[in-house]
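Breakdown of the fold
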Amino acid sequence: MEARHSLLESSRWRLWEPLVWLLAFAAPFALSRHALIVNEIAIVALFALSLDLILGFTGIVSLGHAAFLGFGAYAAALFAKLVMPDPLVGLVVGMSAATALGAVCSLTIMRGTDLTRLMVTLGMALILMELANKLDWLTGGADGLQGVVMGPLLGRFEFDLAGRTAAWYSLTVLLLLFVLARRFIHSPFGATLKAVRDNRLRAMAIGVPVTSRLAVVYTVAAGVAGAAGALLAQTTGFASLDVFSLERSADVMLMLVIGGVGWLYGGLAGAVVFKLLHDVISNITPQYWTFWIGLFLVVLVLVGRERLMRPWTWFGGRP
């Protein structure tokens, strides 16, 4: 009963959470000139959420998570170009394709150490990038898949150049998948994932089917990443080899470092901070923005996330 009560208590929405989402949905209207940035933040936040499911709640380290982002992006873009341009159907197609790929790749992460998983996940992303490059008759190769034109959302809302429709579309998908991920994590199934993360041998000793749990959460995370990729292709009208790159996987890892792992809002907060820093610093020093981001990360690690918000505690003893 205590465990059930704890799960119910942790799954309850806090008073500040609806306010955060209201502000997010008001941003494309209040900041209409920056709606495209809001859309980009929503997409990378969804991507960070997918990685947090496997890293923060299961302890699976991945350097090739961009494989699912890219696979979802190309699947949605090809579907829109060759079959039909409906955004919602294309989103389902992108998610389904990435989920199927995740189910296949989950077989590779059940065994081995963290270093082995790093290499295997990175290798999968590199293989998909090379395939997309070689199959230029289908994917456009190094030039990318161009000419992706999306139809109106729900048959009524056109994707405008200002990006407001795209921003609200991406925010809506982010909210829906966030709610589902929250229910997933705060369920008894999610409690077993945390047990696997904390001590795999102990979880196996009490009867938790570790391998099946890893396969399920890896597949689910792949589907969420595929949704982010589909949104990226649909709202930009373009899919390129860049979606498979190591930089994509590294950037989303940095977002979780900034926002914190094992907390669903960590990926969202990290995405907001990272993208705003990227946009502001690259406008000031386009050539050296990575230096300032790196410096920020060093300070974050040395000082700590909690103390960074309170500069007056930096030079005192740790509490």
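So, how was this worked out
- Residues numbered from 1 in each chain as written.
- Predicted model: local features only at pLDDT ≥ 70, side-chain atom pairs only at ≥ 80, totals over all residues.
- Heavy atoms only, no water.
- Helix = DSSP H or I, 4+ residues; strand = E, 2+ residues; numbered from the N terminus.
- Rg over C-alpha atoms; globule rule 2.2 N^0.38 Å.
- Buried < 20%, exposed > 50% of the residue type's maximum accessible area, 1.4 Å probe, protein only.
- Areas by Shrake-Rupley, 256 points an atom, 1.4 Å probe, with all protein chains shown as cover.
- Lys, Arg positive; Asp, Glu negative; His and termini not counted.
- Charge placed at Lys NZ, Arg CZ, Asp CG, Glu CD.
- Phe/Tyr/Trp six-rings, centres within 6.5 Å; stacked < 30°, edge-to-face > 60°.
- Axes fitted to C-alpha atoms, helices over the stretch in contact; angles between N-to-C directions.
- Left-handed = near helix turned anticlockwise from the far one by under 90°.
- Contact = heavy atoms within 4.5 Å.
- Nonpolar A, V, L, I, M, F, W, Y, C, P; charged D, E, K, R; others polar.
- Core = buried A, V, L, I, M, F, W, Y, C linked by side-chain atoms within 4.5 Å.
- pLDDT = per-residue confidence, 0-100.
- Parallel < 35°, antiparallel > 145°, perpendicular 65-115°, else oblique.
- Salt bridge = Lys/Arg side-chain N within 4 Å of Asp/Glu carboxyl O.

1. Re the overall build of the protein chain
- Scanning the protein chain from terminus to terminus reveals 15 helices and 0 strands.
- Against the 2.2 N^0.38 benchmark of 20 Å for 319 residues, the protein chain shows a C-alpha radius of gyration of 20 Å, consistent with a compact globule.
- Here the C-alpha coordinates of the protein chain stretch approximately 55 × 45 × 40 Å along the principal axes.
- Buried residues in the protein chain amount to 46% of all 319 residues.
- Working note: accessible area of the protein chain is about 16300 Å², and carbon and sulfur atoms make up 69% of it.
- A distance of 10 Å separates the average location of the 23 positive side-chain charges in the protein chain from that of its 18 negative side-chain charges.

2. Things to note about the packing of aromatic side chains
- Considering all chains together, one arrives at 6 aromatic pairs under this definition.
- Judged by centre distance (5.7 Å) and plane angle (10°), the ring pair of Y74 and F244 falls under stacked. In this pair, Y74 is assigned in helix α4 (residues 66-82) and F244 in the loop between α11 (210-236) and α12 (246-259), connecting sequence segments 170 residues apart. Pair check on accessibility: Y74 and F244 agree, each one buried.
- Between F178 and Y265 the ring centres are 4.7 Å apart and the planes differ by 55°, which places this aromatic pair in the tilted class. On the criterion of sequence distance, the pair formed by F178 in helix α8 (residues 164-185) and Y265 in helix α13 (residues 264-284) is long-range, its members being 87 residues apart. With respect to burial, F178 and Y265 carry one shared label: buried.
- Here the aromatic cluster, defined as three or more aromatic residues joined through ring pairs, consists of W21, F178, W263 and Y265.

3. Let's talk about the packing of helix α5 (residues 87-105) against α11
- Where α5 meets α11, the axes come as close as 7 Å, and the angle between the chain directions of the two elements is 145°. The two elements α5 and α11 meet at a crossing, and its hand is right-handed. The residues of α11 that touch α5, namely those facing P87, G90, L91, G94, M95, A98, T99, G102, A103 and C105, are Y218, T219, A222, G223, G226, A227, A230, L231 and Q234.
- Counted by class, the contact of α5 with α11 contains 11 nonpolar, 8 polar and no charged residues.

4. Description of the environment of A27
- Residue placement: A27 occurs in helix α2 (residues 16-30).
- Taking the relative accessible area as the measure of exposure, A27 reaches 15% and is therefore buried.
- Considering only alpha carbons, one finds A27 and R164, 137 residues apart in sequence, at a separation of 9.3 Å.
- Apart from residues lying up to four places away in sequence, A27 is in contact with S32 and V38.

5. Some thoughts on the environment of L22
- Mapped onto the fold, L22 is located in helix α2.
- Separated by 63 residues in the primary sequence, L22 and P85 place their C-alpha atoms 29 Å from one another.

6. Looking at the nonpolar core
- In this structure, L46, F68, Y74 and L264 are the most contacted members of the largest nonpolar core, which totals 85 residues.
- The leading source of residues in this core is α11, at 14 residues.
- Not counting chain neighbours up to four residues away, the residues in contact with L264 comprise L49, D52, L53, F57, F178, A181, R182 and I185.

7. Looking at the confidence of the model for the protein chain
- Taken residue by residue, the protein chain gives an average pLDDT of 82. The fraction at 70 or more is 90%.
- Per-residue pLDDT, averaged within each element of the protein chain, yields its smallest value for helix α1 (residues 2-11) (56) and its largest for α5 (91).

8. Examining the packing of α4 against α11
- In the contact formed by α4 and α11, the axes pass within 6 Å of each other and the chain directions differ by 50°. Comparing their axes, α11 and α4 come out oblique. When the axes of α4 and α11 are compared, the crossing they make is right-handed. Here F68, L69, G72, A73, A76 and A77 of α4 lie close against α11, whose contacting residues are Y218, A222, A225, G226, A228, G229, A230, A233 and Q234.

9. What to know about the pattern of salt bridges
- Scanning all chains against the criterion turns up 4 salt bridges.
- Of the charged contacts in the structure, one is a salt bridge between E130 and K134, with a shortest N-O distance of 3.8 Å. With E130 and K134 both in helix α6 (residues 114-134) and 4 residues apart, this pair spans about one turn of that helix.
- Of the residues examined, E130 reaches a relative accessible area of 39% and is grouped as partly exposed.
- Overall, the relative accessible area of 58% leaves K134 in the exposed class.
- In this structure, R248 and D242 form a salt bridge, with 2.7 Å as the shortest nitrogen-oxygen distance.

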